[in-house]
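# Analysis of the macromolecular model
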Amino acid sequence: NTEVINLYSFLIARMHPHICKKKHTSLQGERRNMSHSSDGPSCPLSKSFRVDQDVTRSRRDNRGCFVNPWSTWKFPSNLTLLRFCLLDKDNSNIPTCKEVLDRELPVLEPYFIQDPQEVGQTAMGLRVTWLGHASVLVEMDDLVVLTDPVFSQRASPVQFAGPKRFRGPPCSVDQLPRVDAVLISHSHYDHLDVNSVMALNMRFGKKLRWFVPLGLLDWMRSCGCENAVELDWWEKDCVPGRNDVAFFFTPSQHWCGRTLLDKNRVLWGSWTVLGPHNRFFFAGDTGYCTAFQEIGRCFGPFDLAAVPIGAYLPRYALKSQHVDPEEAVRIHIDIQAKHSLGIHWGTFTLACEYYLDPPVKLKEAMQQLGQDEDKFFVLKHGESRLLNPS
Ligand SMILES: [Zn+2]
């Protein structure tokens, strides 16, 4: 039995960095039970968007585990996993030489370290800074929002083993500017890092609002985070005192787990942030599904979307859970993004494609689908871009 569990652990770890020593999650947490309607009095934006009655809601199986409600979802069989882990050639070819990496994927010092007084000074615009993988800092509508913060060297329950980052974080938690809200897409180790959560909580405490998927609130509290809210798909909440900016948890096609025992006990999803001047969409980690058309219909157009473009090969093993660049462009179109940033690449070794391929394939896909290729861009680690400056 131990051998079977060990093999299973290995397979899962190869697919996604998720073996853990300690069970953290529970379904018992108290949560904010928000109305599914977007017409609540708390949000003055309610006239400009509406959650349709026929959007896809979250679903659980008879054991209480969340399931993907789309026909495009299929979890790979054990045989498929075995083939992926043992037989597939890894073409990522990440250089071991630091000079080559510094040339191909430079890590820049984010602007806010030298110019902290500039933070939040975006007027009607939106500034985005890529901090590697799925960690993105967004300044919009006088709020600073951070997505899936991972500042550790490994996406793993332990820091001596597990997928190591080949490009370090461009700054530390201590070097971040003021952060008002953190969005968590799901509990996989490359998106939810206990050390980063602890460091952010140590620095900002109750002032920092955590928006997390349904089922994760107990875990957040076990880390000491008091100002956290867990949401089901299509529910909304806000940063206390800032009712003019709505944070909706929206669907994605993925799965989650941090231990051998907690698979899909916590929901996964994307985040939609609707402010008076800007709309931001964070896709998290996802396969392609019809959810994005629903999100576009309810909340589009978006000023900026952060959409994954990496960790997609081989398709037979990863298609359900990770989009490839062409599917990322379909999301960009479905949600009606004016601009998108490619994330979830160039940081951790998670899949088999050549490490520099995601932005190249993204450009090709934008051309093939008749899109203006400047509208879906990538940034260097630590680099920023200001959109819609007035
Ligand atoms: Zn994941």
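In this numbering scheme, every chain counts its residues from 1 along its sequence in written order. For a predicted model such as this one, the threshold for reporting local features is a pLDDT of at least 70, and the threshold for listing and counting side-chain atom pairs is 80 or more; totals across whole chains, interfaces and linings nevertheless cover every residue. Computation of side-chain values covers all heavy atoms of the structure but excludes hydrogens and water.

Another point: the layout of surface pockets. Definitions used for this entry: grid spacing 1 Å over protein atoms alone; cavity, a set of points where a 1.4 Å probe fits but cannot get out; pocket, an open set with protein on both sides within 12 Å along at least 5 of 7 lines; lining residue, one with an atom within 4 Å of a point. Grid points are joined across faces, edges and corners, and a volume is the space filled by probe spheres set on the points. Put simply, the largest pocket is a space of about 240 Å³. Residue lining of the largest pocket: 17 residues in total, with Asp-61, Arg-63, Cys-65, Lys-263 and Asn-264 positioned closest to the centre. Here the lining of the largest pocket is built from residues that sort into nine nonpolar, three polar and five charged. Residues are grouped as follows: nonpolar covers Ala, Val, Leu, Ile, Met, Phe, Trp, Tyr, Cys and Pro; charged covers Asp, Glu, Lys and Arg; every other residue, Gly included, is treated as polar.

A few words on the environment of Phe-249. Helix and strand assignments come from DSSP, with helices taken as H or I runs of at least 4 residues and strands as E runs of at least 2, each series counted from the N terminus. Relative to the helices and strands, Phe-249 resides in strand S10 (residues 242-250). Between buried and exposed lies partly exposed: a residue is buried under 20% and exposed over 50% of the maximum accessible area for its type, with that area taken using a 1.4 Å probe on protein chains only. The class for Phe-249 is buried, based on a relative accessible area of 0%. Here the alpha-carbon distance between Phe-249 and Asp-237, two residues twelve residues apart in the chain, equals 8.8 Å.

The next subject is the confidence of the model for the protein chain. Taken over all residues, the pLDDT of the protein chain has a mean of 88, while the share at 70 or more is 88%. pLDDT runs from 0 to 100 and stands for how confident the predictor is about each residue. Here, two residues are considered to be in contact whenever any of their heavy atoms come within 4.5 Å of each other. Scored below 50 in pLDDT, residues 13-30 makes 63 contacts in the model with residues more than four places away or belonging to other chains.

Right, let's get into the nonpolar core. Only buried residues count toward a nonpolar core, which is a set of Ala, Val, Leu, Ile, Met, Phe, Trp, Tyr and Cys residues joined through side-chain atoms within 4.5 Å. Counting residues in each nonpolar core, the largest one holds 101 residues, and the members touching the most others are Trp-210, Phe-247, Phe-280 and Phe-299. Not counting residues within four places of it along the chain, the set of residues in contact with Phe-299 comprises Phe-49, Val-51, Trp-234, Phe-248, Thr-250, Thr-272, Leu-274 and Arg-279. Of all hydrophobic cores here, the second largest spans eleven residues; its members include Phe-84, Ala-155, Leu-350 and Cys-352.

Another aspect to go through is the packing of helix H9 (residues 325-334) against helix H10 (residues 357-368). Put simply, H9 and H10 touch, their axes get as near as 8 Å, and they point 55° apart. In terms of orientation, H9 lies oblique with respect to H10. Every pair of crossing elements has a handedness; the one defined by H9 and H10 is right-handed. The segment H9 lies against H10, with Pro-325, Glu-326, Val-329 and His-332 engaging Pro-358, Lys-361, Leu-362, Ala-365 and Met-366. Of the residues contributing to the contact of H9 with H10, the split by class is six nonpolar, one polar and two charged. Only the stretch in contact is used when fitting a helix axis, every axis being a line fitted to C-alpha atoms; angles between N-to-C directions are given from 0 to 180 degrees. Any angle from 65 to 115 degrees is called roughly perpendicular, while one under 35 is roughly parallel, one over 145 is roughly antiparallel, and all others are oblique. By convention, the crossing between two helices is left-handed when the near helix turns anticlockwise from the far helix through less than a right angle, and right-handed when the turn is clockwise.

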